[in-house]
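Inside the fold
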Amino acid sequence: MELILSDLFSSDLKMSSREIAELTGKEHKNVKRDCALMLNELEVDTLRFERIYLDGMNRQQTEYVLDEELTLTLVTGYSVKLRNAVIKRWKQLENQTVSLQDEINKICAKENFDKALGSIHGKGLAERKKTKKANSNVFQSLLSQAQLKLGLRYD
């Protein structure tokens, strides 16, 4: 499980051009244009940041997925209010990540405590099995929350 955790929380947070458009009130096609112009000017391969999604009519469309640095680079050309909206969203994403990491750390600490307690006493194996299953269920629930809240995928 440590490999999953490190992958989950070391991965960079991303923001899509659709979310940027929503936050700034701009049309998505214009945000995509701005992304392409910015990436070309930075001499970065735009294809590295493109992703396909299905629109409301089930058609394939393109969006850009940017890390924090590129998102902030993009929106610094926008108005103060628009920049502020995007920066607030980044803070939300970061806080969600920290909050979920804290919860997972607590579950891992409890699991380690339960394991140590079972080893010290050399008894209560049935009780240890119950706590292990309960801890595992809570842990899986937190991973599901991370996927939903942060839009992350893990296997």
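What you are looking at is a predicted structure, and each value in this text was computed from that prediction instead of being measured.

1. Digging into the sheet that holds strand β3 (residues 60-66)
- With antiparallel pairing, 3 strands are arranged side by side in an open sheet as β1-β3-β2. Because the sheet does not close on itself, it has two edges, and the strands there are β1 (15-16) and β2 (50-54).
- Sheet topology places β2 next to β3; 5 bridges connect them, and they run antiparallel. Across the sheet, I52 pairs through a bridge with T62, a residue of β3.
- The strands touched by helix α3 (residues 28-41) within the sheet are β2 and β3, with β3 carrying the most contacts at an inclination of about 50 degrees.

2. Things to note about α3
- Helix length check: α3 (14 residues) gives 20 Å between terminal C-alpha atoms against 20 Å at 1.5 Å per residue, within 8%.
- Taken residue by residue, α3 has H28, V31, D34, C35, A36, M38 and L39 as its buried positions.
- Residues of α3 that are buried make contact with α2 (17-24), β2, β3 and α4 (68-75).
- Phi turns positive, to about 60 degrees, at E43, one or two residues after α3.

3. As for the confidence of the model for the protein
- Scored by pLDDT, the protein has a mean of 75; 59% of the residues are at 70 or more.
- At the low end of the mean pLDDT range in the protein sits helix α1 (residues 2-10), at 42; at the high end sits β3, at 95.
- In this model residues 1-10 is a low-confidence stretch, pLDDT under 50, and it forms 17 contacts with partners more than four residues away in sequence or in other chains.

Procedures and definitions
- Residues numbered from 1 in each chain as written.
- Predicted model: local features only at pLDDT ≥ 70, side-chain atom pairs only at ≥ 80, totals over all residues.
- Heavy atoms only, no water.
- Pairing = 2+ DSSP bridges.
- Helix = DSSP H or I, 4+ residues; strand = E, 2+ residues; numbered from the N terminus.
- Contact = heavy atoms within 4.5 Å.
- Axes fitted to C-alpha atoms, helices over the stretch in contact; angles between N-to-C directions.
- Expected span 1.5 Å × (residues − 1).
- Buried < 20%, exposed > 50% of the residue type's maximum accessible area, 1.4 Å probe, protein only.
- pLDDT = per-residue confidence, 0-100.

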